[in-house]
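Here are the chains, one letter per residue:
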Amino acid sequence: MRNKLNGELSGILFLILALGASLFIGEEMLIAVLAIIVLLAQLGIYTFHLKKRGRLFWVYAVALVTEILFLVTYAFWIFALAILLLIVAGVWNVFFAGDVCKSGKVFLVVRRVFIGIVALVASVVWIVNIYVQPITGSVTLPADLTAEINNDQLDAPDLMLENIQKMNSFGSRTTGSEGHNQFIVWLQQQVTDMGLIVYRDKYTFDRWEEKNSSVIIDNEEIHVSSAFPYSGETDPNGVTGEFVYTKSGEYDEAKGKIAVVEIKNFKNFPMELVMNIRGKFQAPDGIPSDEGDLVVTTALKHAKLEEAKEQGVKAVIIVWDGVSDEKAEKQYLPFTERYFGIPAVWVNKTAGQKVINAAKAHKAGKVILEAETQKNAPTESFYVKIEGKNKKESIIVNTHTDGVNVVEEDGAIGMLSMIRYLQQQEQPERTMIFTFVTGHFRLPEFKGTSQATSTWMQAHPELWDGKDGHLKAVAGLTVEHLGSLEWKDDASGQYGPTGKISTEFTYVGNERMEAIWMKAVEGRYNTRTVILRGHNKFQFGESQPLFNAGIPMIGLIPMPDYLLVDSADREMDKFDVNLMHEQVGSLLKALQLIDRTETTKLGTADRYSFFLGRTK
């Protein structure tokens, strides 16, 4: 009986270790050490207590050797074999070792069913790991593979700043807006002046843009932080009704009235669920737990406007909770939702308390949300080509042109500098496709399979898929959010600069691209690089469609807290043109290194990793 109990307990422990090794990315070494300890203990029991060496003994012995080999090599296939042996040892102990005890039969059956489920889950997770290979090796680039940038030929910071100011002069550049269309025309003229042919893709969509918003209680205007994009609209008189304080989605009592709901900000979201670090450089803290918190919050905590519309609610007022008033101001959030047909506005915590008090006192008030709507509004993507010596292969460099401030999106300005620099160099080995896409701020209509670039890719397989004489894209480079400085709410709730640059999140498609990016940034004066792998089907930014297509890519995408702030000054106080200049230099170095690397060595993009990623 004692031996049977030992067998079952050790079997359960082996299954837990197998499951943990698969679920917790980055903890493989620790779990391997724990497995070695348990295996040594079991081998000791077999040798000194049971004094026999059956088949299970040799399973333990092989598992022990495999775990030790994994600690030495950190090789994925040894890691996978070690997990398999742990599953085998666990199942063997629980289901096949020793005689089944007859007493407590029902309990035994229930227990074994539960353990069987754990074994099944561990096996499924192991199969997923076989498919995605969460452990990747490192690559050392050849010593003669180098890249140098001639700063005399790269746009000076002053010229970059001049172009940034020109971009800002167009105002907010939400998709299809007047400012966005003017910016696209200006960009096209810039590349035309460089002697390049512009290839256009024209689209139409139903556009919505806020013109005026306000909340009025007792003839007092309550400050509105921002409108909910594409929520709905009112006439200049607005809608009037009793304020009802309720929870998101519970709108039955607000029929014919104005609903007031609170959305609590995710300050410490478990970023391991959406991010997985490959490596880092000059970023010892890894991923800040509050990075992109408002974007994550509005993605996960919906105001459920469709339900409010169905329940006959006149308007919805959403109160920010857990975020400073300054940080909440002018946030264009969420920017990924469809049109709802019901007006909704955001108010900060201070103003929100007045609204909540009015709702609890059953007061009536007014919501005004005037918006310009346009059916079949025009917008367009475009691309230009720098022809390479190799007429069969391409490298895609992409960004989006729509945005609301200086860093969202100044990638197009960075790409202008890159093109101008390359025009002064020798002809590249491969054709370079510089793609400026629209629709990032209207993803419900432009996202294709993932982001707006996927719509462009679907229209132009001849530039990347390698089929039927088409160009084969051997790599991609995505340029977004250049020159971002870090601003955060501090412990006391005050919003301000931290003195650091924004974390330079960089998605890379495989270990070769990781090595290339690390080499491209190593000479930088100011960097804070965190290299990421697409994780749990999430990948922020316009590099995702390239990754999904199996193209090995590098996607630079810092995500400052003000990324979606649609302010009058375009957040220029949070922008550093010298940092942008350095980042453009790194991007050009990466592009050169890619172009000088053999196609077979560039490989293909990895698959998404799954489960709990690394953030440190």
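Described below are features of the structure shown in this document. Nothing here was measured: the structure is a model prediction, and the numbers come from that model.

1. Concerning the pairing of strand β8 (residues 344-347)
Reasoning step 1: Across the two faces of β8 the burial is the same, with Ala344 and Trp346 and Val345 and Val347 all buried.
Reasoning step 2: Where strand β3 (residues 226-227) and β8 come together, 2 bridges link them in antiparallel fashion. The residue of β8 that forms the bridge with Ser226 is Trp346.
Reasoning step 3: Pairing geometry for strand β7 (residues 315-321) and β8, over 4 bridges, is parallel. Opposite Ile318, over in β8, you have Trp346 as the bridge partner.

2. Side note on a nonpolar patch on the surface
Reasoning step 1: A cluster of nonpolar side chains, contributed by Leu30, Val33, Leu34 and Ile37, occupies part of the molecular surface with about 340 Å² of accessible area.
Reasoning step 2: By the secondary structure assignment, Leu34 is in helix α2 (residues 28-50).

3. Observations concerning unusual backbone geometry
Reasoning step 1: Leu333 connects to Pro334 through a cis peptide bond whose omega is -15°.
Reasoning step 2: When you line up the elements, Pro334 lands in the loop between α10 (325-328) and β8.
Reasoning step 3: Omega for the peptide link from Glu408 to Glu409 comes to 15°, which places this bond in the cis form.
Reasoning step 4: As for its position among the elements, Glu409 is in the loop between β10 (390-400) and α12 (411-422).
Reasoning step 5: The backbone of Asp218 shows a phi angle near 50°, a positive value even though the residue is not glycine.
Reasoning step 6: By the secondary structure assignment, Asp218 is in the loop between β1 (199-217) and β2 (220-222).

4. With respect to the nonpolar core
Reasoning step 1: Counting residues in each nonpolar core, the largest one holds 151 residues, and the members touching the most others are Phe243, Val316, Ile317, Met418, Phe434 and Trp517.
Reasoning step 2: Here this core gets 9 residues from one element, more than from any other, and that element is helix α17 (residues 577-595).
Reasoning step 3: Core analysis: the next-biggest nonpolar cluster, separate from the first, contains 36 residues, Ala32, Ile36, Val38 and Val94 among them.

5. Comments concerning α12
Reasoning step 1: Given a rise of 1.5 Å per residue, 12 residues ought to cover 16 Å, and the 16 Å separating the end C-alpha atoms of α12 matches this to within 8%.
Reasoning step 2: Burial analysis of α12 places 11 of its 12 residues in the buried class, which makes it a mostly covered element.
Reasoning step 3: Restricting attention to buried positions, one finds in α12 the residues Gly411, Ala412, Ile413, Gly414, Met415, Leu416, Ser417, Met418, Ile419, Tyr421 and Leu422.

6. Here we look at the pattern of salt bridges
Reasoning step 1: This model, assessed by the stated rule, comprises 30 salt bridges.
Reasoning step 2: The closest approach of N and O atoms between Asp290 and Lys488, which form a salt bridge, is 3.3 Å. Placement of the pair is Asp290 in the loop between β6 (277-281) and α8 (293-300) and Lys488 in strand β13 (residues 485-489), with a sequence separation of 198 residues. Both residues of the pair, Asp290 and Lys488, belong to the buried class.
Reasoning step 3: The salt bridge involving Arg430 is made with Asp595; its shortest N-O contact spans 3.8 Å. Within this pair, whereas Arg430 is found in strand β11 (residues 430-437), its partner Asp595 is found in helix α17, the two being separated by 165 residues in sequence.
Reasoning step 4: Ionic contacts of the salt-bridge type, sharing partners, join the residues Asp290, Glu291, Asp293, Lys327, Lys488 and Asp561 into one network.

Cut-off values and rules
Counting from 1, residues in each chain are numbered in the order their sequence is written. A pLDDT threshold of at least 70 governs which residues receive local features in this predicted model, and a stricter bar of 80 or more applies before side-chain atom pairs are shown or counted, although totals over entire chains, interfaces and linings include all residues. No hydrogens and no water enter the side-chain calculation; it runs on all heavy atoms of the structure. For each residue, the accessible area found with a 1.4 Å probe, counting protein chains only, is set against the maximum for its type, and the residue is called buried under 20%, exposed over 50%, and partly exposed in between. By the criteria applied, helices consist of DSSP H or I runs no shorter than four residues and strands consist of E runs no shorter than two, each listed in order from the N terminus. For two strands to count as paired, DSSP must find a minimum of two bridges between them. In this analysis, a patch consists of residues with relative accessible area above 30% that form no salt bridge, clustered at 9 Å for like charges and at 5 Å for the nonpolar side chains Val, Leu, Ile, Met, Phe, Trp and Tyr. To measure how exposed things are, a 1.4 Å probe is used in the Shrake-Rupley method; for residues, cover is taken only from the protein chains shown. Salt bridge, as used here: a side-chain nitrogen of Lys or Arg that lies within 4 Å of a carboxyl oxygen of Asp or Glu. Side-chain atoms within 4.5 Å link the members of a nonpolar core, which is a set of buried Ala, Val, Leu, Ile, Met, Phe, Trp, Tyr and Cys residues. A helix is expected to span 1.5 Å for every residue after the first.

None of the figures reported here should be taken as evidence of function without further support.
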